Amino acid sequence: MEQNIFDNPDFFGGYKALRETDDNLNVLLEQPAMRKLLPNIESKRVLDIGCGAGGDCLDFVNRGAESVTGIDLSEKMLELARENCSHEKITYLRMSMSDLSGLKGGFGLVYSSLAVHYAEDFPRLMREIYALTERGGTLLFSQEHPIITATVGGGHWNYDENGNRVSWTFSDYQRSGKRMVKWFVDSVEKYHRTFSEVINAVIAAGFTIEEICEPVPDEYALQKRPELVKDFLKSNFLIVKARKLQ
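Residues numbered from 1 in each chain as written. Predicted model: local features only at pLDDT ≥ 70, side-chain atom pairs only at ≥ 80, totals over all residues. Heavy atoms only, no water.

1. Some details on the pattern of salt bridges
The following threshold applies: Throughout this description, the term salt bridge denotes a Lys or Arg side-chain nitrogen within 4 Å of a carboxyl oxygen of Asp or Glu. Relative accessibility under 20% of the residue-type maximum defines a buried residue, over 50% an exposed one, and the middle range a partly exposed one, all with a 1.4 Å probe and only protein chains included. To qualify as a helix, a DSSP run of H or I must reach at least 4 residues; to qualify as a strand, a run of E must reach at least 2; elements of each kind are numbered from the N terminus.
Enumeration over the complete set of coordinates arrives at 14 salt bridges. Residues Asp172 and Arg175 are paired through a salt bridge, measuring 3.2 Å at the closest nitrogen-oxygen approach. The class for Asp172 is partly exposed, based on a relative accessible area of 22%. You can call Arg175 exposed: its relative accessible area is 58%. With its nearest N and O atoms 2.7 Å apart, the salt bridge here joins Arg243 to Glu210. Residue Arg243 is located in strand S11 (residues 237-243), and its partner Glu210 is located in strand S10 (residues 208-213); the two are separated by 33 residues in the primary sequence. Relative accessible area serves as the criterion here: at 40%, Glu210 is assigned to the partly exposed category.

2. Quick notes on unusual backbone geometry
In this model, Ser43 sits at a positive phi of 65°, which is unusual for a non-glycine residue. Residue position: Ser43 is located in the loop between helix H2 (25-37) and strand S1 (45-49). Positive phi outside glycine occurs at Leu114, with the angle close to 55°. Mapped onto the elements of the fold, Leu114 is located in the loop between strand S4 (107-112) and helix H5 (122-132). The class for Leu114 is buried, based on a relative accessible area of 15%.

3. What about the side chain of Glu189?
Here is the rule: What qualifies as a polar contact is a pair of N or O atoms within 3.5 Å, subject to a donor-acceptor requirement within protein and to the restriction that residues adjacent in sequence count only when both atoms come from side chains.
Inspection of the secondary structure assignment puts Glu189 in strand S9 (residues 185-192). Under the relative-accessibility criterion, Glu189 is labelled buried at 16%. At 3.2 Å, the side chain of Glu189 and the side chain of Tyr191 are in polar contact.

4. Quick look at the sheet that holds S11
Stated formally: Strand pairing is assigned whenever DSSP identifies at least 2 bridges connecting the two strands. Fitted lines through C-alpha atoms give the axes, limited to the stretch in contact for helices. The angle between two N-to-C directions lies from 0 to 180 degrees. Contacts: residue pairs with any heavy atoms within 4.5 Å of one another.
The mixed open sheet is built from seven strands, whose spatial order is S3-S2-S1-S4-S5-S11-S10. The strands lining the two open edges of the sheet, one partner per strand, are strand S3 (90-94) and S10. Averaged over all adjacent pairs, the angle separating strand axes in this sheet is 15°, with direction ignored. Relative to S4, S1 is paired through three bridges, and the arrangement is parallel. The partner of Leu47 across the bridge, within S4, is Val110. Contacts from H2 reach S4, strand S5 (133-144), S10 and S11, with the element oriented near 15° to S11.

Listed below in structure tokens is the structure:
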């Protein structure tokens, strides 16, 4: 089972405050890209893995989903979801993504926003998702980019003589496995996989990949946070859209 860091009070407080801002990277980079890749989900069953505070679940209902199941390991996040994003078509479950066998299949969309880099056994996760997806259904997930997850201890920026960022240094890329990082608190557990490992696990599970996205700031994002021009030097997120054809 993956680490339940979101129920750590210090981590939860920091994360909640971050997500309540309107200029974080999720809002400005990841979410717009994910919205562009969403399929038509009208009258479809949707599974949201790592649903967090439930905002995506409610959006899926508003887009016409027949039903939405949101799963998360954090009871604190699920409390927020039930409080702020409840709907008769949404079911929230406390469940680890490490074992999805308790769910009934037939989902037209399996969706996951910035959660799968917490999964230790990614190939197993992809196989279980494939089993839960209906024929013709879509898998859409985002994760921290392998460039970001790679370095033990974290990568760093490099600057020119005028103090301008010119490159990003990372290492340990080909050494897959657990990474312990500091994010609000010490010892947050994530897993690094190379780009090829991610893509090949999706293919090996049986999916056909339709699109891959590494989002960059658009005009709106740059107006909100001009310093995000730095993110043309490296990718923060990897997004994969795939379909179950058989």
